[in-house]
Amino acid sequence: MELSLFPLFLLVASPGPGATQPRPPAHRDPHLYAPASGPVLPQKPFVVVWNMPTAHCQKRFDVHLNLRDFDIVENQRQRFRGQKMRIFYRDQLGKYPYLTPDGRKLNGGLPQHGDLAAHLSLARTQISGLMRPNFGGLAVIDWEEWRPLWARNFGAKLAYRRRSESLARRERPELSEQEVRVAARHEFEEHARRFMEETLRLAIRVCPKGLWGFYGFPACFNHHKREEGGNYTWQCHPNTQDLNDRLAWLWRHSTGLYPSIYLPQRLATSPDAALMVRHRLLEAVRVLSTWFRGNDTSPTPCILPYARLAFTHTLTFLNQSDLEHTLGESAALGAAGVVLWGETEFAKSKDQCLRLRDYVQTVLGPYVRTLRSDARSCSGRHCHGNGRCARRHPGSGHMITNSSRHYFLCVCYRGWTGERCEMGKGPKDKR
């Protein structure tokens, strides 16, 4: 679940002929926050959600992880999928079309060849069978084989562009190569959009209280290594905002945003880690501020970044400094919480389970308990419990533990307004 580098030569993406692109509202100031949806759980402005397959630790090795002691949200019996947290991978929701690494087509391979009606029919059956209609937890769709914007399919994903061009060439042999590329891009993006958009619409109809969204969106593409002696800012790649604004349809149908803030090990204990995470979260904040400011008719999606409690592609746990750069940074920028994801390797043996238990008991758990307490205290003290705290100046680096009103402002829940969220307006949303 990790996004790769964004090559500079793929950044410019113009719309196809006749295509109309959404125009963002005039307000585009990333330093201002959109009104917030209510907390994920009542009276809990910041939550940490466990999305790791660690039930085996108890079942196979009799090693119990005391997550509840630290108020970490978990499914019953720490199941990977349940009524508080559910993630759908590529083969678990409908008939998602994609290409295998060896080039085989599954469910049509390209979005243009996918059977959308059959996909939605199967997806409805799966969602209805797995989730109660009143499901109110996190619901994440993890489709990573292709991305809905043509320009963002690079590296191994170039296969989708090449095959789309071959398809356009076969179907319309009279087109020039330039026209083939334009037609291929248009067809790919149109069908990719329909698969993602209609899947979200269906999911929300079946489970309207769920926080539905796609993992890794919005993207920022700021993975680059600092040049020797350089002054890299960790800002998102050029054109990121313009490209993300072309996904207005995605933001408007999402009820949760799940950007990735996984840390590579080269950023261990480095202040650069906080900068990397900060700019990814600020892009999510900007998306909400751009597309949801002043919109009282539909709830603003919650920002719930995906983090790991170990560095990317390792089982090396984050220390407290690293947790501050991920979980702490998220809380300080007004996120509704953080999802902790991990693979089966964390529960592969009794020794690994014991290491994980010790880490939870001595490092992660105490940090989460303090962070959540500070977020709740700030909300109650400054926002009357009707909103969450967020940095007044997002780049300041101030943490929620030092939640002076000089450094933090209130982002009011839907139905509340005022500098301290003290005035009610319309329907309240405190969950």
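Peer 1: Can you walk me through the overall build of the protein chain in this structure?
Peer 2: Helix and strand counts for the protein chain stand at nine helices and 14 strands. Counting across all 431 residues of the protein chain, residues that qualify as buried make up 55%. The long-range fraction of contacts in the protein chain, counting pairs at least 24 apart against all pairs at least 6 apart in sequence, stands at 76%. Entry remark: accessible area of the protein chain is about 18,500 Å², with carbon and sulfur atoms responsible for 50%.

Peer 1: How should the pattern of salt bridges be read in this particular structure?
Peer 2: Taken as a whole and judged by the stated rule, the model has 18 salt bridges. In this structure, aspartate 102 and arginine 104 form a salt bridge, with 3.5 Å as the shortest nitrogen-oxygen distance. In this structure aspartate 102 comes out as exposed when scored by relative accessible area, which is 57%. Taking the shortest distance from any N to any O, the salt bridge between glutamate 198 and arginine 201 comes out at 3.6 Å.

Peer 1: Can you help me understand helix 9 (residues 350–383) in this one?
Peer 2: An α-helical turn contains 3.6 residues, so a residue and the one three or four places further along point in the same direction. Along helix 9, the largest kink reaches about 50 degrees and is centred on valine 360. Phi turns positive one or two residues past the end of helix 9, at histidine 384, with a value near 55 degrees.

Peer 1: For this particular structure, what's the right way to read the sheet that holds strand 9 (residues 306–307)?
Peer 2: The strands making up a sheet associate through backbone hydrogen bonding, with each pair oriented either parallel or antiparallel. Taken together, three strands build an open sheet; the order of strands is 1-10-9 and the sheet is parallel. This sheet does not close on itself; its edge strands, each paired only once, are strand 1 (47–51) and strand 9. With two bridges connecting them, strand 9 and strand 10 (residues 337–341) associate as parallel partners. When the sheet's bridge partners are listed, tyrosine 306 is paired in strand 10 with valine 339.

Peer 1: What is the right way to read the state of the cysteines from this model?
Peer 2: When the sulfur atoms of two cysteines share a covalent bond, that bond is a disulfide. Summed over all chains, the structure comprises five disulfides. What pairs with cysteine 378 in a disulfide is cysteine 389, and their sulfur atoms sit 2.0 Å apart. Disulfide cysteine 378-cysteine 389: torsion about the S-S bond near -100 degrees, hence left-handed. Of this pair, cysteine 378 sits in helix 9 while cysteine 389 sits in strand 11 (residues 387–391), placing them 11 residues apart in sequence. Considered together, cysteine 378 and cysteine 389 belong to a single accessibility category, that of buried residues. In this model, cysteine 412 is linked to cysteine 421 through a disulfide, with the two sulfur atoms separated by 2.2 Å.

Peer 1: Before we go on, may I ask you to explain the packing of helix 8 (residues 320–332) against helix 9 in this structure?
Peer 2: Between two packed helices, both the angle of their axes relative to each other and the distance between the axes serve to describe the pair. As a packed pair, helix 8 and helix 9 sit with axes 11 Å apart at the nearest point and diverge in direction by 30 degrees. Here helix 8 lies roughly parallel to helix 9, going by the angle between them. Crossing of helix 8 against helix 9: the hand is right-handed. Residues Gln320, Leu323, Glu324, Leu327, Gly328 and Ala331 of helix 8 form the contact with helix 9, whose own contacting residues are Tyr359, Val363, Leu364, Tyr367, Val368 and Leu371. Here the contact of helix 8 with helix 9 is built from residues that sort into nine nonpolar, two polar and one charged.

Peer 1: Looking at this structure, I do not really get the sheet that holds strand 2 (residues 85–88). What am I missing?
Peer 2: The three strands are arranged 2-5-6 in an open sheet whose pairing can be described as parallel. The open sheet is flanked by strand 2 and strand 6 (211–214), the only strands paired with a single partner. In this sheet, neighbouring strand axes are inclined to one another by 15 degrees on average, regardless of whether the strands run parallel or antiparallel.

Peer 1: Just checking my understanding: could you explain the pairing of strand 11 for this structure?
Peer 2: When a strand is regular, its side chains alternate between the sheet's two faces. Within strand 11, five of the five residues are buried, which leaves the element mostly enclosed by the surrounding structure. With five bridges joining them, strand 11 and strand 12 (residues 408–412) adopt antiparallel strand pairing. Directly across from arginine 388, in strand 12, lies its bridge partner valine 411.

Peer 1: How should I be thinking about the pairing of strand 2 in this particular structure?
Peer 2: Residues Met85 and Ile87 of strand 2 are buried on one face, and the alternating residues Arg86 and Phe88, pointing to the opposite face, are buried as well. Here strand 2 runs beside strand 5 (residues 138–141); their pairing, made up of four bridges, is parallel. The residue bridging isoleucine 87 from the neighbouring strand is valine 140, located in strand 5.

Calculation rules
Residues numbered from 1 in each chain as written. Predicted model: local features only at pLDDT ≥ 70, side-chain atom pairs only at ≥ 80, totals over all residues. Heavy atoms only, no water. Helix = DSSP H or I, 4+ residues; strand = E, 2+ residues; numbered from the N terminus. Buried < 20%, exposed > 50% of the residue type's maximum accessible area, 1.4 Å probe, protein only. Contact = heavy atoms within 4.5 Å. Areas by Shrake-Rupley, 256 points an atom, 1.4 Å probe, with all protein chains shown as cover. Salt bridge = Lys/Arg side-chain N within 4 Å of Asp/Glu carboxyl O. Bend = angle between axes of the 7 residues up to and from the residue. Pairing = 2+ DSSP bridges. Disulfide = S-S within 2.5 Å. Axes fitted to C-alpha atoms, helices over the stretch in contact; angles between N-to-C directions. Parallel < 35°, antiparallel > 145°, perpendicular 65-115°, else oblique. Left-handed = near helix turned anticlockwise from the far one by under 90°. Nonpolar A, V, L, I, M, F, W, Y, C, P; charged D, E, K, R; others polar.

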